[in-house]
Structures are given as structure tokens and as C-alpha cells.
Amino acid sequence: MSTEDRLPHPPGDDDRVVDLGDDFVVLPEQSTDDTDRGWGEATGDNDDRLLAERPPHWD
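Below or above, wherever it landed, is the structure these notes cover. (Residues numbered from 1 in each chain as written. Predicted model: local features only at pLDDT ≥ 70, side-chain atom pairs only at ≥ 80, totals over all residues. Heavy atoms only, no water.)

Some thoughts on the overall build of the chain
For clarity, the cut-off: In this description a helix means any DSSP run of H or I spanning at least four residues, a strand means any run of E spanning at least two, and both kinds are numbered starting from the N terminus. The buried label applies to any residue whose accessible area, calculated with a 1.4 Å probe on protein chains only, is under 20% of its type's maximum; exposed applies above 50%, and partly exposed to all values in between. Residue burial considers only the protein chains on display, and all accessible areas are found by Shrake-Rupley using a 1.4 Å probe.
Scanning the chain from N- to C-terminus turns up 2 helices and 0 strands. Out of the 59 residues in the chain, the part that is buried amounts to 0%. Roughly 6500 Å² of accessible area belongs to the chain as shown, and the carbon and sulfur atoms make up 51% of that amount.

Have a look at this one:
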């Protein structure tokens, strides 16, 4: 038996532990380009305005 056969192999990628928890974030859920601020618009909720301007044929 050679010396190499008696030595344990060094740990490789298959031996390491990888944490796949929910706290790991690679990319954000939404970029700033997808927001009102990214489009140069005022931030705020306009649901009330949209409901008030709802066309009559939607009822």
C-alpha cells in the first residue's frame, strides 16, 4: 500500500455543507426600476382615485 492510499482525501465541493435557508438573498424581489420612484412618479396609493373613476359599465 502506498502512502497516498493511506491518506484521507481532502474535502471537496461534494463534502461541504451549504445553507439554503430563506434568509439568503441573491437578488431583491423588485428593482427600483419597477417602482414609482424608478419611473420618476410620486409614491403613494391611488386605489381610491381609480375606484372613484371606475367606468359605469364595470358595475
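Picking up after the structure, the text goes on.
Comments concerning a nonpolar patch on the surface
Here is the rule we go by: A residue counts toward a patch only above 30% relative accessible area and without a salt bridge, and it is joined to like-charged neighbours within 9 Å or, for Val, Leu, Ile, Met, Phe, Trp and Tyr, to nonpolar neighbours within 5 Å. A pair is scored as a salt bridge if a Lys or Arg side-chain nitrogen falls within 4 Å of a carboxyl oxygen belonging to Asp or Glu.
Taken together, the side chains of Phe24, Val26 and Leu27 present a nonpolar region at the surface, about 390 Å² in accessible area. Structurally, Leu27 can be placed in the loop between helix 1 (3-6) and helix 2 (47-52).

A closer look at the pattern of salt bridges
Opposite charge on two side chains allows them to pair when their charged atoms are near. Using the criterion set out here, one finds 1 salt bridge in the structure. The shortest N-O distance in the salt bridge between Glu53 and Arg49 comes to 3.1 Å. Residue class for Glu53 comes out exposed when judged on its relative accessible area of 52%. With relative accessibility at 41%, the residue Arg49 sits in the partly exposed group.

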